[in-house]
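Examination of the molecular architecture
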Amino acid sequence: MIIEIFTLILEVDGCCDWGWRGKIGQIMKVKPLAALAMIDEGELDWKIVAISVDALWASLVNDIDDGTLTAIRDWFRDYKIPDGKPANRFGLDNRQANKAYALKVIAETNESWAKLVKRSIPAGELSLA
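Residues numbered from 1 in each chain as written. Predicted model: local features only at pLDDT ≥ 70, side-chain atom pairs only at ≥ 80, totals over all residues. Heavy atoms only, no water.

**Concerning the overall build of the protein**
- What the protein contains, in helices and strands, is 2 helices and 4 strands.
- Put simply, the protein runs from its N terminus to its C terminus through helices and strands in the order β-β-β-α-β-α.
- Each of the 129 residues in the protein was classed as buried or not, and the buried ones make up 29%.
- Intrachain contacts of the protein at a sequence separation of at least 6 include 61% that bridge at least 24 residues.
- Only carbon and sulfur atoms are counted for the fraction: they give 55% of the accessible area of the protein, which is about 8,700 Å². (Helix = DSSP H or I, 4+ residues; strand = E, 2+ residues; numbered from the N terminus. Buried < 20%, exposed > 50% of the residue type's maximum accessible area, 1.4 Å probe, protein only. Contact = heavy atoms within 4.5 Å. Areas by Shrake-Rupley, 256 points an atom, 1.4 Å probe, with all protein chains shown as cover.)

**Here's the deal with the confidence of the model for the protein**
- Here the protein averages 75 in pLDDT, and 75% of its residues register 70 or above.
- Confidence, expressed as mean pLDDT per element, reaches its minimum in the protein at strand E1 (residues 4-7) with 44 and its maximum at strand E4 (residues 89-90) with 92.
- Below pLDDT 50 for its whole length, residues 1-18 participates in 50 contacts with residues either more than four positions away or in separate chains. (pLDDT = per-residue confidence, 0-100.)

**Regarding the pairing of strand E3 (residues 43-52)**
- The buried fraction of E3 is high, at 8 of 10 residues.
- With 10 bridges joining them, strand E2 (residues 30-40) and E3 adopt antiparallel strand pairing. Counterpart to Met-38 in the pairing with E3 is Asp-45. (Pairing = 2+ DSSP bridges.)

**Concerning the nonpolar core**
- Membership of the largest hydrophobic core comes to 13 residues, with the highest contact counts inside it found for Ile-64 and Leu-69.
- The next biggest cluster of nonpolar side chains, apart from the first, holds 7 residues, and it includes Ala-37, Trp-46, Ile-48 and Val-105. (Core = buried A, V, L, I, M, F, W, Y, C linked by side-chain atoms within 4.5 Å.)

**As for the pattern of salt bridges**
- Inspection of the entire model under this criterion finds 7 salt bridges.
- For the salt bridge of Lys-80 with Glu-41, the shortest nitrogen-to-oxygen distance reads 3.8 Å. On the criterion of sequence distance, the pair formed by Lys-80 in the loop between helix H1 (70-78) and E4 and Glu-41 in the loop between E2 and E3 is long-range, its members being 39 residues apart.
- Here Glu-41 falls in the exposed class, since its relative accessible area comes to 55%.
- Two residues, Arg-77 and Asp-78, come together in a salt bridge whose shortest N-O distance is 2.6 Å.
- Among the residues examined, Asp-78 registers a relative accessible area of 28% and is labelled partly exposed.
- Bridged by salt links that share partners, the residues Asp-40, Glu-41, Lys-80 and Lys-85 form one connected network. (Salt bridge = Lys/Arg side-chain N within 4 Å of Asp/Glu carboxyl O.)

**Overview of unusual backbone geometry**
- The phi dihedral of Glu-41 falls on the positive side, at around 50 degrees, and the residue is not glycine.
- The phi dihedral of Asp-93 is positive, around 55 degrees, even though this residue is not glycine.
- On the secondary structure map, Asp-93 appears in the loop between E4 and helix H2 (99-117).

The structure is reproduced here in structure tokens:
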């Protein structure tokens, strides 16, 4: 399982955003809001949608209801098509999971990562070098 965390930049009436944008590769404190179960070339690739705790609206946003992430889901579905690859699919009946579910995904993935690092489970084809 791969966890990728993205800062959600949501346009409101086309004139406002969350007021904060991170840089590529930057490590930041975020508040998870939702999860997308993307199926990328047959493999589950969790996408955690989050907002930076430093964002202007972070204290007001605690979860995302269904339908809010349509543009983000569509982008993840289609972004490989120009390279000649098929559209990605999504699990969970093509719906996002709420914050509580996203937190479970993060906890389970962290536990799996910790077991691999401690070598308490076989690495399989993963390189731990």
